[in-house]
Amino acid sequence: MKSIEKAVEALKQSKYIVAFTGAGISAESGIAPFRGENGIWNKYEEKLFEINYFTQHTKEAWSMLCDGFYEAMFKAKPNAAHIVLAKLEKEGYIKAIITQNIDDLHEKAGSKIVYKLHGNASQLHCNNDGNNYPVADFDLTTAPRCKVCNAVLKPDFVFFGEMLPEYDMNMSIKAVSKCDIVIIIGSTGVVYPAASLPYYAKRNNAVIIEINPKPSAFTNEIADIFIPMKAGEAMQKLIDILYIL
Ligand code: APR
């Protein structure tokens, strides 16, 4: 039986499915992943995403963020993979999405329960007085400044060296402790603590389904069903078969 059919069989028996998504799910929406060909890390050094570098070289960091990320994010729309996950949540299959992504495409596709381990890029935060602003309020040609204290604002996503949001991490641990299936979509599985979550689920005897055109760190370690396809194509095929059976 092909891996897709096996995955659909598992989904039909499941009671509590969690999706764990990485940058690869947004590749078909035009947002470059971090690793692999055309990965952001081929063009920029990871240090630009470190919190110390950001605070000491805010101007350079902001121009990289605009060029390397925000431009693509503003144009990006949810693709079939985001849309199918939102449908599967509506129909009671998916109970939560745990994402490493900061592009808000899951919410834009209609998903309601989304735990964002690495924050989001649509809000800007003032580390000085705590004010938050939607990024849409600013034209990012210059580093955006707080409207109250004029300090340079920081994107509300987790830089290397920062703590992950406690609420989202705790809720994600609860979700993977209860689930009977994790669908991992588009992640290399190399960044912790996020990447530890599918392993928690595996230890709780969940079935691990992985969708990725290439093997990842999860594939040989914990994946029970590996679907070597792009996210949009695989999720569309999966729901088409689910409806037929
Ligand atoms: N469909 C599915 N998977 C895809 C697609 C696609 N169309 N295109 C690429 N991929 C896969 C790649 O094979 C790779 O395994 O998506 C993965 C992208 O890997 P990364 O860029 O490392 O993304 P991710 O695992 O989410 O990175 C985790 O690293 O830099 C940090 O904070 C950043 O959240 C990010 C974290």
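Given the structure is predicted, the values throughout are model-derived calculations rather than measurements.

1. Some remarks on the domain arrangement of the protein
Assigned domains within the protein: domain 1 (1-30 + 78-118 + 164-245) and domain 2 (32-75 + 122-157). For the domain 1 and domain 2 pair, buried surface summed over both sides reaches about 860 Å², with 61% attributable to carbon and sulfur atoms. When residues of domain 1 are sorted by the area they lose upon contact with domain 2, Ala23, Gly30 and Ile102 head the list and together hold 43% of the total. Counting every contact that joins domain 1 to domain 2 gives one salt bridge. Put simply, Glu37 and Lys214 hold a salt bridge, and the shortest N to O gap is 3.1 Å.

2. Observations concerning the nonpolar core
With 31 residues, the main nonpolar core has Trp62, Leu65, Tyr70 and Phe157 as its most contacted residues. Of all the elements, helix α4 (residues 58-75) adds the most residues to this core, at eight residues. If sequence neighbours within four positions are ignored, Phe157 has contacts with Phe49, Leu65, Tyr70, Ile102, His118, Gly119, Asn120, Ala121 and Glu162. Counting residues in each nonpolar core, the second largest holds 30 residues, with Val8, Val114, Met235 and Leu242 among its members.

3. So, the side chain of Lys154
Tracing the sequence through the fold places Lys154 in strand β6 (residues 154-157). You can call Lys154 buried: its relative accessible area is 6%. At a separation of 3.3 Å, a polar atom in the side chain of Lys154 contacts the side chain of Glu162. Dropping the residues within four chain positions of it, Lys154 is found in contact with Ile51, Phe54, Gln123, Leu124, His125, Asn127, Phe159 and Glu162.

4. Observations concerning the sheet that holds strand β2 (residues 94-99)
If you walk across this open sheet you meet the six strands as β3-β2-β1-β7-β8-β9, and the pairing is parallel. Pairing within the sheet leaves two strands with one partner each, and these edge strands are β3 (114-116) and β9 (225-227). Across the sheet, the mean angle separating the axes of adjacent strands is 15° when strand polarity is ignored. Packed on one face of the sheet, helix α5 (residues 80-90) meets β1 (17-21), β2 and β7 (181-185) and runs near 145° to β2.

5. A short note on helix α10 (residues 231-244)
End to end, α10 covers 20 Å across 14 residues, agreeing with the expected 20 Å (1.5 Å per residue, within 8%). Within α10, the full set of buried residues consists of Ala231, Gly232, Ala234, Met235, Leu238, Ile239, Ile241 and Leu242. Check the buried side of α10 and you find it contacts α1 (3-13), α5, β7, β8 (207-211) and β9.

Cut-offs and rules
Residues numbered from 1 in each chain as written. Predicted model: local features only at pLDDT ≥ 70, side-chain atom pairs only at ≥ 80, totals over all residues. Heavy atoms only, no water. Domains from an automatic or database assignment. Buried area = accessible area lost by both parts, 1.4 Å probe. Salt bridge = Lys/Arg side-chain N within 4 Å of Asp/Glu carboxyl O. Core = buried A, V, L, I, M, F, W, Y, C linked by side-chain atoms within 4.5 Å. Buried < 20%, exposed > 50% of the residue type's maximum accessible area, 1.4 Å probe, protein only. Helix = DSSP H or I, 4+ residues; strand = E, 2+ residues; numbered from the N terminus. Contact = heavy atoms within 4.5 Å. Polar contact = N/O pair within 3.5 Å; in protein donor to acceptor, adjacent residues only side chain to side chain. Pairing = 2+ DSSP bridges. Axes fitted to C-alpha atoms, helices over the stretch in contact; angles between N-to-C directions. Expected span 1.5 Å × (residues − 1).

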